[in-house]
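# Residue-level structural notes
Given next are the chains, with one letter for each unit.
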Amino acid sequence: MSLQEASDARKARLIALRNRKEGISTVPNGDSVLLSRNYDPETRTLKKHSKNDVLTTDTVEKDIEGVAEKILAEDERQRAQELDVFNIAPKRPNWDLKREMEKKVAKLERKTQEAVHTLIRQRLASQKGQSDDILGAMNAQEKALDVEDQPSDDDE
């Protein structure tokens, strides 16, 4: 096949394609070609006709025409809201300090309770006069002396 023959074949194919797109039927044997008014077999979509009989195609680009701008505007609005200082800062400014100190305070609370119980036991023991420490014993003796002195004050 020569270059001239290939060029002529290509021109014939292009003319046939152009005629087919325009809806002109050129069949060499005279048979009519079935034309679809509402369906385009090349794009496999439905053709839309407006009131002016102008062919309009329903495309994805037309469907999502304003969606990109809406998404960008919404994204900018959310970014502005997220960068607000009050949204970044915690509601309670010392929450992290409380969180860190909870374990230490729990240990100290337990030790404090033990110390309070020990002091109460010592005080009760000193009141009964059964104290193990010297100070408790001295306090018990002073109270005993005070108790003995009080009836003598009443007698006089």
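Residues numbered from 1 in each chain as written. Predicted model: local features only at pLDDT ≥ 70, side-chain atom pairs only at ≥ 80, totals over all residues. Heavy atoms only, no water.

### Remarks on the overall build of the protein
- Tallying secondary structure elements over the protein gives 6 helices and 3 strands in all.
- In sequence order, the secondary structure elements of the protein are arranged as α-β-β-β-α-α-α-α-α.
- Counting all 156 residues of the protein, 4% fall into the buried class.
- A sequence separation of at least 24 residues applies to 3% of the contacts in the protein between residues at least 6 apart. (Helix = DSSP H or I, 4+ residues; strand = E, 2+ residues; numbered from the N terminus. Buried < 20%, exposed > 50% of the residue type's maximum accessible area, 1.4 Å probe, protein only. Contact = heavy atoms within 4.5 Å.)

### Some details on the pattern of salt bridges
- Counting across every chain of the model gives 3 salt bridges.
- One salt bridge connects arginine 77 with glutamate 74, and the closest N-O pair in it is separated by 2.4 Å. Within this pair, arginine 77 and its partner glutamate 74 are both found in helix 3 (residues 67–82), separated by 3 residues, close to a single helical turn.
- Overall, arginine 77 belongs to the partly exposed group, its relative accessible area being 47%. (Salt bridge = Lys/Arg side-chain N within 4 Å of Asp/Glu carboxyl O.)

### Points about a nonpolar patch on the surface
- A surface patch of nonpolar side chains, about 360 Å² in accessible area, is lined by Val60, Ile64, Val67 and Ile71.
- Here valine 60 is to be found in helix 2 (residues 60–63). (Patch = residues over 30% accessible without salt bridge, like charges linked within 9 Å, V, L, I, M, F, W, Y side chains within 5 Å. Areas by Shrake-Rupley, 256 points an atom, 1.4 Å probe, with all protein chains shown as cover.)

### A closer look at the confidence of the model for the protein
- Looking at the protein as a whole, its pLDDT mean stands at 76, while 69% of the residues score no less than 70.
- The weakest mean pLDDT in the protein belongs to strand 3 (residues 55–57) at 58; the strongest belongs to helix 1 (residues 3–22) at 90. (pLDDT = per-residue confidence, 0-100.)

### Focus on a negative patch on the surface
- A cluster of acidic residues, Glu142, Asp146, Glu148 and Asp149, forms a negative patch on the protein surface.
- Note on placement: glutamate 142 falls in helix 6 (residues 134–155).
- The partly exposed category is assigned to glutamate 142, whose relative accessible area is 46%. (Lys, Arg positive; Asp, Glu negative; His and termini not counted. Charge placed at Lys NZ, Arg CZ, Asp CG, Glu CD.)

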